Amino acid sequence: MFNSRLKIFILLVVVLMTVILSRLVQLQVYGYDQHIAETEKLLKRSPRWLETARGSILDRNGEVLASDVPRWRIRVHYKLARLFDRRFYRYFACSYRKREGKDNASDAEILEYFSERFGFERFRAGEMVQELATLAKVTPDEILAEIDRVNDEIFATRLWLARRKYYSRNNLERPVVHSKQEYFDDYERIIPDEFIRLRSIYRDTEIMEMNEPQPILGPVDRHLAMEIENYFNGEFLANTDSNRLISIGADKERIYPHGTAAPQIIGQIAPTQQQYNRITISGVPLPNELAGYQVGDRKGLWGIEYMFEDYLHGSRGWQQRNIDGELIENIEQSVGADITLTLDINLQADIQALLAGHSSLGMKLTGGAVVLDVKTGEVLAMASMPGFDLNRFYEPEVYSSIWPDTTPAPLRTPLTNLALSWNYQAGSTLKPTNLLGGLEHGVIDSHTTYYVDSTSRDWKIGPSDIHVFGNIDPFTAIKRSCNYYPVRVAELLGPELFVDWLKACGFGRRILAWPDEYSRNRSWFAFRETAGFVSTIGREYPAVGDMRYAAIGRGPISCSVLQIANSMATISRNGQYLAPTLIKDPSVVRSAQTLASEDNTRIIRKGMFAVVNEPGGTAWENFRPLPWQQDIVRVYGKTGSTDYSVFGCFAEAFDGRKVALAVLAEIEENGGNVAGPLARDILLLCAEHGYLPNPN
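Everything quoted here is computed from the prediction, not taken from an experiment.

**Q** Looking at this model, I keep getting lost on empty space enclosed by the protein. Mind explaining?
**A** Think of a ball as big as a water molecule: rolled over the atoms, this probe shows where empty space is left. Within the structure shown, the criterion is met by two cavities of 30 Å³ or more. The volume enclosed by the largest cavity comes to roughly 50 Å³. Looking at the largest cavity, the residues that line it are Thr 433, Leu 436, Trp 501, Cys 505, Ser 567, Thr 570, Ile 571 and Leu 595. Secondary-structure elements contributing two or more residues to the lining of the largest cavity are α16 (431-440) and α22 (561-572). Take the lining of the largest cavity: its biggest share by element is three residues, from α22.

See below:
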């Protein structure tokens with residue numbers, strides 16, 4: 001009996017020693033790398049992410065249109081913020097009740113548990129909020145509201161990650177949802193057990209924002225920033241930049257020094273969605289993570305800020321230091337590139353002031369104006385009124401006027417670029433282009449003459465206002481703005497040739513040119529450039545009656561102010577078409593296309609010169625007195641009268657400087673009476689800014 005027990009005892013000892021030795025071998029050999037990694041982890045501080053540095057937007061003269069400036073902001077660490085989050089305590093309450101024998105634990109017992117575990121930290125956190133409120137001269141409630149926002153953002157992001165992991169782990173298709181509440185509702189549906197749901201969020205997800213201070217108040221001045229920084233030095237945690245519970249951070253704010261000038265073009269930024277390119281803590285980040293977005297990062301909403309987001313955004317840097325603060329791994333930031341526009345922002349602002357009432361007319365007008373450098377096709381100004389101030393965009397009054405919460409949504413707001421994105425009828429400003437097509441295709445020549453009287457109109461469907469009588473040739477048709485002549489030219493061209501000619505001249509299509517790497521779809525979302533149209537809906541080419549209206553810029557044709565201005569530039573180039581652009585850098589590759597001969601264009605130019613410079617021209621009286629002698633600057637123009645007042649023109653200086661422009665005012669008035677004087681004022685501004693000789 002004794003021997004049997006001894007044998008059993010010896011056997012148990014051998015088994016136990018074998019298990020211990022096996023575990024020792026596993027720890028020393030097989031677990032060596034794991035333990036080294038764990039040890040090294042203990043010797044490292046939390047990694048530090050370096051903020052992106054967004055590039056600036058500049059005008060053609062180097063004037064800053066959009067840039068980041070540092071702002072001191074008060075920040076709190078999540079380890080402080082979570083002490084004010086009921087969901088955080090709810091998770092621990094559920095965990096406590098999952099312990100053996102604790103499933104029926106009373107609220108009093110849970111409260112005692114919380115007091116033992118978090119009591120001092122929660123008490124001190126409350127004191128710190130009071131102290132911070134006193135220093136920052138705000139109420140504790142204001143601070144707590146910001147802390148609630150931080151907790152909500154971090155909780156929502158962790159829930160999003162947990163939900164994504166659930167669907168991925170179970171090989172399920174993830175339903176598309178469109179709001180935070182839909183995320184919450186869906187996750188509660190698939191995981192109805194509150195404890196399992198909270199455990200998947202609080203135990204199984206970790207994001208960068210949990211280990212980085214989050215901004216709550218600011219901007220504050222440097223003196224207050226230093227006072228707060230010194231006051232809360234080393235509270236609770238190790239005294240490091242990434243672990244301090246209350247600290248000061250140099251945040252960034254996007255400013256727009258010329259905020260009311262060209263807001264529809266420059267654009268605005270906004271915080272990214274929380275689920276966009278979520279970055280988790282998983283060692284050294286990958287390049288796509290560095291170039292991605294984190295909560296609070298900013299992203300372009302429209303305009304240049306949106307169009308060139310990848311160019312402007314840059315990428316983050318990343319640093320890892322050991323426990324002694326020595327840098328052991330470092331990835332440098334990639335600073336975003338600058339974008340240079342063709343706009344002259346001061347000319348732009350002055351033209352907007354004209355539309356706002358500071359013109360020779362003294363009238364506040366709604367509408368748009370475009371000025372082009374004829375030689376390069378660069379847009380010098382693209383004004384749209386009404387506008388708004390980019391620096392005040394997020395103020396409720398401004399924001400609600402731009403994106404009103406109404407159903408149905410308004411067709412246009414101050415964000416609508418009336419020079420680029422809105423369709424208008426060109427009226428008689430289209431006649432020079434129409435007649436140039438007739439000359440170029442040989443259906444008329446410089447001597448083709450029609451005698452027009454009250455009986456000349458032989459159509460039932462078409463314009464009825466034949467108000468210019470006598471012998472009309474191409475020159476006179478433009479000078480006096482005859483309707484009969486362009487109608488006959490369109491009939492001779494025929495629908496197909498007429499429409500194709502207008503499209504070749506830039507009507508019925510989007511014409512702004514962009515760098516090759518940027519798609520048409522992206523530019524449309526950035527600027528909503530209209531293509532206009534040159535035929536009725538549902539038919540490739542207009543019927544003859546529709547075409548007669550289109551011949552004088554009415555009926556089944558619409559266009560942008562930019563397209564009218566560019567048609568003027570084409571005539572100034574003697575029939576050379578060049579796509580306009582808003583961008584100087586990065587470069588935009590374009591080439592001129594010959595649409596018409598110089599001889600044919602010269603006929604059109606002669607008529608447009610007479611519009612402004614000869615008695616009987618439709619803008620002659622409105623341009624008196626001309627600012628320049630004809631040997632210094634020659635001005636060519638064309639009036640347009642639809643439901644609005646329109647004027648297109650170009651001016652050519654003796655030294656080679658040339659500008660083309662179009663201006664439209666939403667007022668039912670003759671083109672010479674309102675748009676004409678505005679165009680004259682704009683030409684004087686062009687001289688003031690150096691694009692034409694100064695008339696003085």
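**Q** Honestly, the pairing of strand β20 (residues 658-665) in this entry has me stumped. Any pointers?
**A** For a regular strand, side chains alternate in direction, first toward one face of the sheet and then toward the other. Counting buried positions along β20 yields seven of eight residues, so the element is predominantly enclosed. Pairing analysis gives seven bridges linking strand β11 (residues 367-373) to β20, with the strands arranged antiparallel. Of the residues in β20, the one forming a bridge with Ala 369 is Val 663. Relative to β20, strand β19 (residues 645-653) is paired through eight bridges, and the arrangement is antiparallel. Across the sheet, the residue bridging to Glu 652 is Lys 658, located in β20. Linking β19 back to β20 in an antiparallel pair, the connection comprises four residues, with Gly 656 at a positive phi of about 100 degrees.

**Q** How should the sheet that holds β19 be read in this particular structure?
**A** Across a sheet, strands are paired by hydrogen bonds formed along the backbone, either parallel or antiparallel in direction. A sheet is described by the order of its strands in space; here five strands give the open sequence β12-β11-β20-β19-β18, paired in antiparallel fashion. Since the sheet does not close on itself, it has two edges, and those belong to β12 (379-385) and β18 (633-641), each with one partner. Looking at each pair of strands side by side, their axes are set apart by 10 degrees on average, direction ignored. Pairing geometry for β11 and β12, over six bridges, is antiparallel. Bridge pairing links Ala 369 to Ala 383 in β12. In this fold helix α24 (residues 675-688) packs onto β11, β18, β19 and β20, with an angle of close to 145 degrees to the strand it touches most, β20.

**Q** How should I be thinking about the packing of α16 against helix α23 (residues 598-613) in this particular structure?
**A** For any two helices packed against each other, one specifies the inter-axial angle together with the distance between the axes. At a minimum axis distance of 9 Å, the contact between α16 and α23 shows a crossing angle of 150 degrees. Between α16 and α23, the interaxial angle falls into the category roughly antiparallel. As for the relative orientation of α16 and α23, their crossing is right-handed in sense. Contacts between α16 and α23 involve Pro 432, Leu 435, Leu 436, Leu 439 and Glu 440 on the former and, on the latter, Asn 600, Thr 601, Ile 603, Ile 604 and Met 608. Along the lines of polarity and charge, the residues of the contact of α16 with α23 split into seven nonpolar, two polar and one charged.

**Q** I would appreciate a short explanation of the packing of aromatic side chains in the present structure.
**A** Inspection of the entire model under this criterion finds 37 aromatic pairs. Measuring from centroid to centroid gives 5.5 Å for Phe 393 and Trp 403, while their planes differ by 85 degrees, and the two rings are edge-to-face. Remark: Trp 403 occurs in the loop between α15 (396-402) and α16 and Phe 393 occurs in the loop between β12 and α15; sequence separation between them is 10 residues. In this structure Trp 403 comes out as partly exposed when scored by relative accessible area, which is 37%. Over the ring of Phe 155 we find Arg 87, and its NZ or CZ is 4.4 Å from the ring centre.

Parameters and conventions
- Residues numbered from 1 in each chain as written.
- Predicted model: local features only at pLDDT ≥ 70, side-chain atom pairs only at ≥ 80, totals over all residues.
- Heavy atoms only, no water.
- 1 Å grid on protein atoms, 1.4 Å probe; cavity = no way out; pocket = protein on both sides within 12 Å on 5 of 7 lines; lining within 4 Å.
- Points joined across faces, edges and corners; volume = space filled by probe spheres on them.
- Helix = DSSP H or I, 4+ residues; strand = E, 2+ residues; numbered from the N terminus.
- Buried < 20%, exposed > 50% of the residue type's maximum accessible area, 1.4 Å probe, protein only.
- Pairing = 2+ DSSP bridges.
- Axes fitted to C-alpha atoms, helices over the stretch in contact; angles between N-to-C directions.
- Contact = heavy atoms within 4.5 Å.
- Parallel < 35°, antiparallel > 145°, perpendicular 65-115°, else oblique.
- Left-handed = near helix turned anticlockwise from the far one by under 90°.
- Nonpolar A, V, L, I, M, F, W, Y, C, P; charged D, E, K, R; others polar.
- Phe/Tyr/Trp six-rings, centres within 6.5 Å; stacked < 30°, edge-to-face > 60°.
- Lys NZ or Arg CZ within 6 Å of the ring centre and 35° of its normal.

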